[in-house]
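# Notes for the structure review
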Amino acid sequence: MLSVALRTLRSRWTTFAGSFVALSLGVGLIATMGLALAASLDAPARHPERFAEASVVVKGADTLRVPTRIGDRVAKLESPRPVPPSLARELAALGRTVEDRTFAVRAEGGPAGLVGHPWSTAAFAPYRVASGRAPRAADEAVATGDWTAPGRRIPTDRGTVTIVGTVRDLGFEQALFHTDDRAARLSPRVDQLVVDADPRAVRKKVAGSADAAGVRVLTGAGRKDADADPERDSEALVTVNAMLGTAAGVTGFVSVFVVASTFAFAVAQRRREFGLLRTAGATPGQIRRMVLAEAMVVGVGASAAGCALGARGAPVLAAWLVDDGLAPHWFAIGTYTWPYQLAFWTGLFVALSGAVAASRRAGRTGPVEALRDAAVDTGTMTRGRWFFGAGLLLAGIGLPVHALLTEPGGLLGRKSYTSGPMPLIVACALLAPVLVPPLARLLAWLPARLPGATGLLVRENTAAEVRRTAAVAAPVLVTVALTGSLLGATATIDGAKAGEIRQRTTADFVISGPGGAGAAEEGSGGSGAGGPGFDAATVERIRRVPGAVVSPTAASAVHVLEDGVALIRSDARAADPAALAATARLPLAAGRVTDLDDRSIIVTEEWERHTVGESVDVWLSDGTRTSLRIAAVMRIGTGGNGVYVTPRNAPGAPVDRIEVSLAEGADASAVAAGLRAAAERSGGQVFAKDAWVSASYPETDGRTRTGFLLVLGIALLYTGISLANTLVMAGSDRVRELAALRLAGATAPQVLRLVAAEALLVVAVGAVLGTLVAGVGLAGLWGALGILHAGSTLVLPWGALGAAAGACAVLATVSAVVPAALSLRLRPVEFAGTRE
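Analysis parameters
- Residues numbered from 1 in each chain as written.
- Predicted model: local features only at pLDDT ≥ 70, side-chain atom pairs only at ≥ 80, totals over all residues.
- Heavy atoms only, no water.
- Helix = DSSP H or I, 4+ residues; strand = E, 2+ residues; numbered from the N terminus.
- Pairing = 2+ DSSP bridges.
- Axes fitted to C-alpha atoms, helices over the stretch in contact; angles between N-to-C directions.
- Contact = heavy atoms within 4.5 Å.
- Salt bridge = Lys/Arg side-chain N within 4 Å of Asp/Glu carboxyl O.
- Buried < 20%, exposed > 50% of the residue type's maximum accessible area, 1.4 Å probe, protein only.
- Core = buried A, V, L, I, M, F, W, Y, C linked by side-chain atoms within 4.5 Å.

What follows is about unusual backbone geometry. Residue Pro126 is reached from Ala125 by a cis peptide bond, and omega for that bond is 0 degrees. Within the secondary structure, Pro126 sits in the loop between strand S6 (115-118) and strand S7 (129-132). Positive phi outside glycine occurs at Asp563, with the angle close to 60 degrees.

What follows is about the sheet that holds strand S12 (residues 192-195). Read from one edge of the open sheet, four strands run S4-S12-S1-S13, paired in antiparallel fashion. Of all strands in the sheet, those with a lone pairing partner are strand S4 (97-100) and strand S13 (216-218), marking the two edges. Between one strand and the next, the sheet's axes are offset by a mean angle of 25 degrees, whatever the strand orientation. Bridge analysis of strand S1 (residues 56-59) against S12 gives four bridges, and the strand direction is antiparallel. The residue of S12 that forms the bridge with Val57 is Val194. Across the face of the sheet, helix H3 (residues 85-92) comes into contact with S1, S4 and S12 while running at roughly 5 degrees to S12.

So, about the pattern of salt bridges. Applying the stated criterion across every chain yields a total of 21 salt bridges. For Asp100, the salt bridge goes to Arg50, with nearest N and O atoms at 2.7 Å. Residue Asp100 is found in strand S4, and its partner Arg50 is found in the loop between helix H2 (13-39) and S1; the two are separated by 50 residues along the sequence. Each member of the pair Asp100 and Arg50 is classed as buried. We note a salt bridge from Arg573 to Asp656, for which the minimum N-O separation is 3.1 Å. Remark: Asp656 occurs in strand S22 (residues 655-662) and Arg573 occurs in strand S16 (residues 566-575); sequence separation between them is 83 residues. A residue is classified by how much of its surface remains accessible, and Arg573, at 1% relative accessible area, is buried. Exposure remark for Asp656: the relative accessible area of 5% places this residue in the buried category.

Considering soluble globular proteins, one finds that nonpolar side chains tend to be buried as a cluster. Ranked by size, the top nonpolar core spans 61 residues in total, and within it Leu244, Leu321, Phe331 and Ile425 carry the most contacts. The set of elements that each furnish at least two residues to this core consists of H2, helix H6 (232-268), helix H8 (284-323), helix H12 (421-430), helix H13 (432-443), helix H16 (466-504), helix H21 (702-732) and helix H23 (748-787). Core analysis: the next-biggest nonpolar cluster, separate from the first, contains 26 residues, Ala473, Leu723, Val751 and Leu824 among them.

Turning next to the pairing of strand S15 (residues 548-562). When a strand is regular, its side chains alternate between the sheet's two faces. Most of S15 sits inside the fold, with 12 of its 15 residues counted as buried. Where S15 and S22 come together, seven bridges link them in antiparallel fashion. Pairing of Ala548 across the sheet is with Leu662, part of S22. Pairing of S15 with S16 involves 10 bridges; the strand directions are antiparallel. Bridge pairing links Glu562 to Ala566 in S16. Following S15, the chain reverses through three residues before pairing antiparallel with S16; Asp563 in that reversal takes a positive phi of roughly 60 degrees. Pairing geometry for S15 and strand S19 (residues 615-619), over two bridges, is antiparallel. Residue pairing in the sheet places His559 in a bridge with Trp619 of S19.

Structure below.
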């Protein structure tokens, strides 16, 4: 059978070329995504930066550790505790100590993210004076980098300083170094303490101190934890990993689905050949083994070629991610083997799977099939297709309905609307012999009634050639369904979030913190600041503006233990209850905002315990455990509402947003001018209500949007290649059919118009099915938003759907017309005599 299979491959190479190209491209895409995904799991080893030359660093408690019955649950504190003064005095007895402080600084003309440090800590990086000298007076400072120069006077929110020196930028921070005394006045708390002593003695001293709970002693590579963001490399890959994971999953589905469809069509179109073999004495088992041998040869070769394509494509993808700022500059493809293994064996499995069902049909082919000239497909709906098609159809509809009844919030997750259409897509493909004929007849109803035979022939040919129509419509269905599902879901959810912002904001003005443009999400946890926040003096100046009812709020966080084992973090916003009630309208399901006090909390229905009056144990942002009474409960909405507490329960959280309502009879323009004058010195931005709502309109995260466009681009590219392969393969089998049309009197242009119209009708069938699949998924999402009291207009991206369908139509038309035009170079008699 292998020798027969090899001879068949040589004689029908045009048929198998399409399957080979489709499979190799699919394997290449899987390998590319797998390699990039593997690279996103590995961050480079982070070495100490600020304290590379320090022997021992003692760091205040920055980790929350909660014991449970299955082990300790650990979380990072949003407000780390300082090194206790008593411990600092004890450690000073062991050797020389240097106190480290870090505080945000806003300097005129300075870089974003500028921080202040005491000069004595500069030696541990080590920083060396590149120009000028070290600071000696309270109003002197040394700057990193070349954004300023010695002798310049720089106004800052901490007072005006004279730059007396600069140090080389080491790449991990932008800093202003003050004298130690000045830094201590600006930031009294000691964040970290460098100790020049034996590490064992330091650990012993810390372990024996009564005030050292949670304090860490850092040595060796562990000193990296004293840097500002020691996990930034790993965190930088989280979004990349999520984006590539989504892209890999969808790409894998698209490639596997289209390859299986293409390969099955390539086998199914050979029924006359199988009939001849049966006439020559071949048994059904021999036919099946021959088909499987062909699939094995094509699968092995195409999978190997695909792995080679993936090896070249992955570095290109990584470079694109870096150039677009989606991945850190060091992101690169390493040496991995499992993506190649996964891609190769997936490709071979898909090839064999696509051939198994076809081989069974081929084995059942009788000798009489060799005498058939009719192009009508029969026996396409097997019991297996009915079983799996109906099952996936029920799953595609039933699972969203079950989620609506049990957990509607789950339908709002990205995984839900990216994977949700898959069962329906496969179901439509399996049920294509049932769906395609009536849909094709419906779409061709009007053209079939126009003068001439073209419309009638288009309708009947499309309805009769079910396998060809299904193979061409399948990639169109995938592309259109993914376009509608991904873009429509994000637009619908964004619209719902915008509606929540509009309903919740009742303040006349919103002052965003320094560096913020108001574009952060408006959930209670979103800061909207992007900067260090407002100092107490600025808040007081804003309070004194005549006619302004002021509500300062600060971003913080709390942790709660649910089910006795899960430590859940919730964004929190700290606010004065009375002022909050005057400037915001929270989506309350129970309770009142004014009932909030220092011993209570406002939670959402997402919490395990959310009954008004019930007490719940929480851990505050600095790790303090406390029991708070539930004063009110907010509806879930689109999620991310967080919780509300009073400023006392948000230790260390700076005010980053101030909402202002007009007092009765106050002049809006005068209040706006007063607010701008009061906030100008600290860099705050004043927004009128409508401007704030507009600036806060939630948009899909740039990386997520890019990931979706990557997925859709790959799907469209794959659709184009698949359409070309399938239509070229089908065109080679339509020689006799087109010859009959020519002999019946059809001109060459009429034949080409017929072929083009058939391609367009098949694309329309796939586009309609894809739109229906996307519509079903979006209807479930829309229903979930309604149940969650976050109603939104259902957004179906007609422009994007039209663009996707239009691109598919162009690709299909060209792929169908070009082979037909080449065939028309023969005379009609030669055309009719061409053998398959």
